[in-house]
Amino acid sequence: MAKVKVHVFLKPGVLDVQGKAVEGALHGLGWGGVANARVGKLVEFDLDGAADPAAEAKKMCETLLANTVIESYRIEVA
């Protein structure tokens, strides 16, 4: 059984509204040195029965987990 982590994040150049909101809130709380905040998502799951877990996770990303028009992803398999 493989432990899979998929990190999904907006591609450079895509406006990250959530990131801007987080950045503004952190500034308001006194952390004025924060810049270029980006918000993404992490999907973790166990994968059983796959000969190549990374390839299966890539298919999952291309099909469901990431909107590849505006998002990129990184896969970790342990």
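Residues numbered from 1 in each chain as written. Predicted model: local features only at pLDDT ≥ 70, side-chain atom pairs only at ≥ 80, totals over all residues. Heavy atoms only, no water.

Within an unreviewed UniProt entry, the label attached to the protein reads Phosphoribosylformylglycinamidine synthase subunit PurS, and the organism entered is Brevundimonas alba. The annotation that UniProt attaches to the protein under Subcellular location (unreviewed entry) is "Cytoplasm". Under Pathway (unreviewed entry), UniProt gives the following word-for-word description of the protein: "Purine metabolism; IMP biosynthesis via de novo pathway; 5-amino-1-(5-phospho-D-ribosyl)imidazole from N(2)-formyl-N(1)-(5-phospho-D-ribosyl)glycinamide: step 1/2." (UniProt positions renumbered as here; feature names shortened; annotations may be inferred.)

Here we come to the overall build of the protein. Helix and strand counts for the protein stand at two helices and three strands. N-terminal to C-terminal, the α/β element order of the protein is β-α-β-α-β. Here the C-alpha atoms of the protein give a radius of gyration of 16 Å, more than 25% beyond the 12 Å that 2.2 N^0.38 yields for 78 residues. The principal-axis extent of the C-alpha atoms belonging to the protein is close to 50 × 25 × 15 Å. Evaluated residue by residue, the protein yields a buried proportion of 23% over its 78 residues. (Helix = DSSP H or I, 4+ residues; strand = E, 2+ residues; numbered from the N terminus. Rg over C-alpha atoms; globule rule 2.2 N^0.38 Å. Buried < 20%, exposed > 50% of the residue type's maximum accessible area, 1.4 Å probe, protein only.)

Here the focus is the sheet that holds strand β2 (residues 41-47). The sheet built from three strands is open, its strands ordered β2-β1-β3 with antiparallel pairing. The outermost strands of the open sheet, each flanked by one partner alone, are β2 and β3 (71-77). The average undirected angle you get between the axes of adjacent strands in this sheet is 20°. Across the sheet, helix α2 (residues 53-65) lies against β1 (2-10), β2 and β3, angled at about 155° from β3, the strand it touches most. (Pairing = 2+ DSSP bridges. Axes fitted to C-alpha atoms, helices over the stretch in contact; angles between N-to-C directions. Contact = heavy atoms within 4.5 Å.)

What follows concerns the pattern of salt bridges. Tallied over the entire structure, the rule returns three salt bridges. In this structure, the salt-bridge partner of Asp46 is Lys3, at a minimum N-O distance of 3.1 Å. Of the two residues, Asp46 is situated in strand β2 and Lys3 in strand β1; the sequence distance between them amounts to 43 residues. Judged by its relative accessible area of 42%, Asp46 is partly exposed. Under the relative-accessibility criterion, Lys3 is labelled exposed at 51%. One salt bridge connects Lys59 with Glu56, and the closest N-O pair in it is separated by 3.4 Å. (Salt bridge = Lys/Arg side-chain N within 4 Å of Asp/Glu carboxyl O.)

Where β1 meets β2, seven bridges bridge the pair, whose relative direction is antiparallel. When the sheet's bridge partners are listed, Val4 is paired in β2 with Phe45. Pairing geometry for β1 and β3, over seven bridges, is antiparallel. Residue Val6 lies in a different strand from β3, and its bridge partner there is Ile75.

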